[in-house]
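Structure at a glance
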Amino acid sequence: MAKLRVHNLAISLDGYVAGPNQTPDNPIGEGGMRLHEWVFATRTGHDWSGTEGGETGIDDDFIKAGDVGTGATIMGRNMFGPIRGEWQDEEWKGWWGDNPPYHHDTFVMTHHPRPSLPMAGGTTFHFVDDTPEEVLRQAFKAADGKDVRLGGGSSVVRQFLQAGLVDEMHLAVVPILLGGGERLYDELGTLPGYAISSVVRSPAVTHVVFTKA
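Residues numbered from 1 in each chain as written. Predicted model: local features only at pLDDT ≥ 70, side-chain atom pairs only at ≥ 80, totals over all residues. Heavy atoms only, no water.

1. Re the overall build of the chain
For clarity, the threshold we go by: Every helix listed is a DSSP run of H or I at least four residues long, and every strand listed is a run of E at least two residues long, numbered separately from the N terminus. Values of the radius of gyration come from C-alpha atoms, whereas the globule rule sets the reference at 2.2 Å times the count of residues to the power 0.38. Categorising residues by exposure relies on relative accessible area from a 1.4 Å probe, with only protein chains included: less than 20% of the type maximum marks a residue as buried, more than 50% marks it as exposed, and the intermediate range marks it as partly exposed. Throughout, a contact is declared for two residues whenever any of their heavy atoms are within 4.5 Å. The protein chains shown are the only cover counted for residues, whose accessible areas, like all others here, come from Shrake-Rupley with a 1.4 Å probe. The charged-residue count follows a simple rule in which Lys and Arg add positive charge and Asp and Glu add negative charge, with His and chain termini not counted at all. To locate a charge, take atom NZ for lysine, CZ for arginine, CG for aspartate or CD for glutamate.
Across its full length, the chain carries 6 helices and 11 strands. What you see for the chain is a C-alpha radius of gyration of 16 Å, in line with the 17 Å of a compact globule of 213 residues. Each of the three principal axes of the chain carries a C-alpha extent, and together these read 45 × 40 × 35 Å. Scored against the burial criterion, the 213 residues of the chain give a buried share of 46%. Long-range pairs, those at least 24 residues apart, make up 63% of the contacts in the chain with a sequence separation of at least 6. Accessible surface, the chain: about 10700 Å² in total, of which carbon and sulfur atoms supply 52%. The average position of the 17 basic charges and that of the 28 acidic charges among the side chains of the chain differ by 4 Å.

Shown next, in the form of structure tokens:
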């Protein structure tokens, strides 16, 4: 049965998945790139940037697992870009250039829908203003039997957790304190309905996997 999965969601020790003051120059907020240094040290991270080298092992294995069996993605508007409120125009097409890394239907949750945006490489961004349940229904239909990956930011992940819709969540706990920004754990309590199924540590981060109990 197809699942909704969160993969490689980097989080600080104080629970932040992005820093404050997101701008085009700080796509993950001030200090937020520190959460992803472990990614760019991996072999897969080097492949993404077109450079040789990079480390194999636990971290690289988790990075690669995020794309296995995935047929659609859901993300929040803050993950798509820094623009807030009404779209001034439709010039902004995401952080990833003309060929985003998704290569399938990607649903951007926003209170300000706009026409779907086809991109090179098979990615089409759909801008939807609906409940988590309805957005997930659309994503499962687009995934055609494969799993759906849930990206950030924290607000979107919280909504799906609160609704009990996430089947599996992998957090990469980075040993830093951000002190502010977008926090994941607010209003989640003890994550009722979920249990820790795996904890694996590399020299860089601790990988914690939650599954629906």
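2. A few points about the sheet that holds strand β11 (residues 206–212)
The line we're drawing: Here the rule is simple: two strands pair whenever DSSP picks up at least two bridges between them.
The 9 strands lie next to each other as β5-β6-β4-β3-β7-β1-β8-β11-β10, forming an open sheet whose pairing is mixed. In this open sheet, the two strands that pair with only one neighbour each are β5 (117–118) and β10 (194–201). Of the pairings in the sheet, the one linking β10 to β11 comprises 7 bridges and is antiparallel in character. In the strand pairing of β11, Val199 is matched with Val208.

3. As for the packing of aromatic side chains
Each aromatic ring pair is characterised by the separation of its centres together with the angle its planes make. The following threshold applies: The criterion for an aromatic pair is that two Phe, Tyr or Trp rings (for Trp, the six-membered ring) have centres within 6.5 Å, with stacked assigned to planes under 30 degrees apart, edge-to-face to planes over 60 apart and tilted to the rest. We count a charge as sitting over a ring when the NZ of a lysine or the CZ of an arginine lies within 6 Å of the ring centre and within 35 degrees of the ring normal.
Counted under the stated rule, the structure contains 9 aromatic pairs. Where Phe80 meets Phe125, the ring centres are 5.0 Å apart and the plane angle is 70°; that geometry is what we call edge-to-face. You can see Phe80 sitting in helix α4 (residues 77–80) and its partner Phe125 sitting in strand β6 (residues 124–128), a full 45 residues away along the chain. Of the two residues examined, Phe80 and Phe125, each falls in the buried class. You can call Phe125 buried: its relative accessible area is 0%. Through a chain of ring-to-ring contacts, three or more aromatic side chains come together here, namely Phe80, Trp87, Trp96, Tyr102, Phe125 and Phe127. The ring of Trp87 is capped by Arg77, whose NZ or CZ atom sits 3.8 Å from the centre of that ring. Between the NZ or CZ atom of Arg114 and the centre of the ring of Phe127, over which it lies, the distance is 4.6 Å.

4. Some points on unusual backbone geometry
Trans is the prevailing form of peptide bonds, just as negative phi is the prevailing case for residues other than glycine. Cis geometry marks the peptide bond from Gly152 to Gly153, where omega comes out at 5°. Topologically, Gly153 is positioned in the loop between β7 (147–150) and α6 (154–162). Phi is positive for Asn8, close to 55°, though the residue is something other than glycine. With respect to the helices and strands, Asn8 occurs in strand β1 (residues 4–12). When its relative accessible area of 12% is taken as the criterion, Asn8 is described as buried. At Leu191, a position not held by glycine, the phi torsion is positive, near 55°. The residue Leu191 is located in the loop between β9 (182–183) and β10 in this model.

5. What about the layout of surface pockets?
Our working definition: Of the two site types, the cavity is a set of points on a 1 Å grid over the protein atoms alone where a 1.4 Å probe fits but cannot get out, and the pocket is an open set with protein on both sides within 12 Å along at least five of seven lines, each lined by residues with an atom within 4 Å of a point. Grid points are joined across faces, edges and corners, and a volume is the space filled by probe spheres set on the points. In this count, Pro and Cys sit with the nonpolar residues alongside Ala, Val, Leu, Ile, Met, Phe, Trp and Tyr, while Asp, Glu, Lys and Arg are called charged and the others, Gly among them, polar.
Looking at the second largest pocket, its volume works out to about 160 Å³. Glu55, Asp59, Ser202, Pro203 and Ala204 are, among the 13 residues lining the second largest pocket, the residues nearest its centre. Counting only elements with at least two residues in the lining of the second largest pocket, the list comes to α1 (37–40) and α3 (58–65). For the lining of the second largest pocket, the leading source of residues is α3, giving 3 residues. Across the lining of the second largest pocket, the residue classes tally to 5 nonpolar, 4 polar and 4 charged.

6. Re the environment of Gly151
With respect to the helices and strands, Gly151 occurs in the loop between β7 and α6. The spacing of Gly151 and Gly66 is 85 residues in sequence and 10 Å in space, taken between C-alpha atoms. In this structure Gly151 touches Ile74, Met79, Val156 and Val157, once residues within four positions along its chain are discounted.

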